[in-house]
Amino acid sequence: MQIGIIGLGRMGGNIAVRLSRHGHDVVLFDRDPATVAKVAERTEGGRGVAAGSVEDLVAKLTAGRKIVWVMLPSGEITEAAVQQLNGLLGKDDIVIDGGNSYYKDDIRRAAQLSEKGIHYIDVGTSGGVWGLERGYCMMYGGTKDSTDHIDPILSALAPGKGDAPVTPDRDKPGLDPRAEQGYLHCGPAGSGHFVKMVHNGIEYGMMQAFAEGFDIMKTKNSAILPEDQRFDLNMADIAEVWRRGSVVSSWLLDLTAEALAKNASLSEFTGEVADSGEGRWTLEAAIEESVPAPVITASLFTRFRSRTGNNYAEKVLSAMRFGFGGHVEKK
């Protein structure tokens, strides 16, 4: 298939390259022409075509139904791109927002674009800087017609079954086999980003639990403790042994072990931990639904606190964020 991609940052560029490796043609635009040229050069078989503007990108899409994937930061920049595309595309064309937009914005945009017959699909995309090789876990919302149409694109980006063990009883009626491949149609517009939003809220809590646990172990050698209760524990070795058969083994633990093996003090991190919005939105949804979410609440507030003074736990958080998403601390 042919698809236009707007925004060629850490994830957008790799999405373009991965699609080209699976035989898809990509038309590329970014506000930085040098970035466009670099990504086009990385694509397989000359399948990446550079565009000089959004208008140029749309003009170079020659398929019967034009498809444009927007991979930009959530908020005003994504809103502007969607509105621009609304003025350039026509009936049955498709706009995909693969960023981390607020799901209520998706609902509004889908309704607006549908007035011209344009389809809007929100794709919650997880995989970070590793997605090029590992694939991307995707949760998406939109009409059945439009999501079925782009299935070859989503299938190419998804990780596939890999070596994950088969879940018992997955052959029951009503369960979507695409979930085993790492991508899932969640429902109407907005549902994909809603599921991804909660995913990121859960991620906050998991990361915080690891961070606090390692801080407790590191501080076990504190002078405030009786001397016979002090342990000088090796954080890198503990992270490594937990990776091997422990019930808390996970990709987040893998990233923690990698960072600690490199530098157990994590001195390259300040521990000032940013939040990109999804944790806040998850709590807003919890409040609207009257659902208690104390773990996610505490983990978000800890990130706020980290910006006024921090400890080893926040450095562990920073190390994990850098590991999976390439998130660099703000200076």
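Residues numbered from 1 in each chain as written. Predicted model: local features only at pLDDT ≥ 70, side-chain atom pairs only at ≥ 80, totals over all residues. Heavy atoms only, no water.

Caption draft 1: Geometry of the overall build of the chain. Helix and strand counts for the chain come out as 14 helices and eight strands. For the chain, whose C-alpha radius of gyration is 22 Å, the value lies close to the compact-globule estimate of 20 Å for 331 residues. Judged by the C-alpha coordinates and their principal axes, the chain covers about 75 × 45 × 40 Å. Across the 331 residues in the chain, those meeting the buried criterion constitute 48%. Per element, the accessible surface of the chain, about 15,900 Å² overall, is 56% carbon and sulfur. Positive and negative charge centroids in the chain, built from 36 and 44 side chains respectively, lie 2 Å apart. (Helix = DSSP H or I, 4+ residues; strand = E, 2+ residues; numbered from the N terminus. Rg over C-alpha atoms; globule rule 2.2 N^0.38 Å. Buried < 20%, exposed > 50% of the residue type's maximum accessible area, 1.4 Å probe, protein only. Areas by Shrake-Rupley, 256 points an atom, 1.4 Å probe, with all protein chains shown as cover. Lys, Arg positive; Asp, Glu negative; His and termini not counted. Charge placed at Lys NZ, Arg CZ, Asp CG, Glu CD.)

Caption draft 2: A look at the nonpolar core. Residues L19, W69, I96 and M138 are the most contacted members of the largest nonpolar core, which totals 31 residues. Not counting residues within four places of it along the chain, the set of residues in contact with I96 comprises I3, I67, V68, W69, V70, I121, V123 and I150. Ranked by size, the runner-up nonpolar core spans 25 residues in total, among them M207, A211, L255 and A259. (Core = buried A, V, L, I, M, F, W, Y, C linked by side-chain atoms within 4.5 Å. Contact = heavy atoms within 4.5 Å.)

Caption draft 3: Main features of the state of the cysteines. In this structure the tally under the stated criterion is zero disulfides. Its sulfur unpaired, C137 is 9.1 Å from the next cysteine sulfur, which belongs to C186. A residue is classified by how much of its surface remains accessible, and C137, at 33% relative accessible area, is partly exposed. (Disulfide = S-S within 2.5 Å.)

Caption draft 4: Representation of the domain arrangement of the chain. As far as domains go, the chain holds domain 1 (2–189) and domain 2 (196–313). Between the C-alpha centres of domain 1 and domain 2 there is a distance of 31 Å. If you look at the interface, domain 1 gives 13 residues, while domain 2 gives 10 residues. Buried surface at the junction of domain 1 and domain 2, both sides included, amounts to about 990 Å², of which 58% is carbon and sulfur. Contact with domain 2 buries area across many residues of domain 1, yet N100, Y102 and W130 alone supply 44% of it, more than any other trio. Between domain 1 and domain 2 we count one salt bridge in total. Where E288 meets K104, a salt bridge forms, and the shortest distance between an N and an O atom there is 2.7 Å. It is strand 6 (residues 119–126) that provides the largest number of residues to the side of domain 1 that touches domain 2, a total of three residues. Class assignment for the residues of the side of domain 1 that touches domain 2 results in four nonpolar, seven polar and two charged. (Domains from an automatic or database assignment. Buried area = accessible area lost by both parts, 1.4 Å probe. Salt bridge = Lys/Arg side-chain N within 4 Å of Asp/Glu carboxyl O. Nonpolar A, V, L, I, M, F, W, Y, C, P; charged D, E, K, R; others polar.)

Caption draft 5: A look at the sheet that holds strand 2 (residues 25–29). Strand order across the open sheet formed by eight strands is 3-2-1-4-5-6-7-8, with mixed pairing between neighbours. On the outer flanks of this sheet lie strand 3 (48–50) and strand 8 (183–187), each paired with one strand and no other. The average undirected angle you get between the axes of adjacent strands in this sheet is 25°. Alignment of strand 6 against strand 7 (residues 137–141), held across five bridges, turns out to be antiparallel. In the strand pairing of strand 7, T125 is matched with M138. Across the face of the sheet, helix 4 (residues 76–88) comes into contact with strand 1 (2–6), strand 4 (67–70), strand 5 (94–97) and strand 6 while running at roughly 170° to strand 4. Here helix 5 (residues 103–114) sits on the sheet in contact with strand 5 and strand 6, set at roughly 150° to strand 6. (Pairing = 2+ DSSP bridges. Axes fitted to C-alpha atoms, helices over the stretch in contact; angles between N-to-C directions.)

Caption draft 6: Structural detail: the packing of aromatic side chains. If you walk through the whole model with that rule in mind, you get seven aromatic pairs. In this arrangement the basic side chain of K218 is found over the ring face of Y312, its NZ or CZ atom lying 4.9 Å from the centre. A cation sits over an aromatic face here: R303 above Y204, 3.7 Å from the ring centre. (Phe/Tyr/Trp six-rings, centres within 6.5 Å; stacked < 30°, edge-to-face > 60°. Lys NZ or Arg CZ within 6 Å of the ring centre and 35° of its normal.)

Caption draft 7: The pattern of salt bridges, seen in detail. Counted by the stated rule, this structure contains 18 salt bridges. The salt bridge partner of K144 is D148, with a shortest N-O separation of 2.6 Å. Linking K144 with D148, this pair stays in helix 7 (residues 144–149), spanning four residues, or about one helical turn. Accessibility expressed as a relative area gives 58% for K144, which makes it exposed.

Caption draft 8: Summary view of helix 13 (residues 294–306). With 13 residues, helix 13 extends 18 Å from end C-alpha to end C-alpha; this agrees with the ideal 18 Å at 1.5 Å per step. Within the span of helix 13, buried status applies to I296, S299, L300, T302, R303 and S306. One side of helix 13 holds all its buried residues, which, seen down the axis, span an arc of 155°. Packed against the buried residues of helix 13 are helix 9 (191–218), helix 12 (278–289) and helix 14 (312–325). (Expected span 1.5 Å × (residues − 1). Arc of directions from axis to C-beta.)

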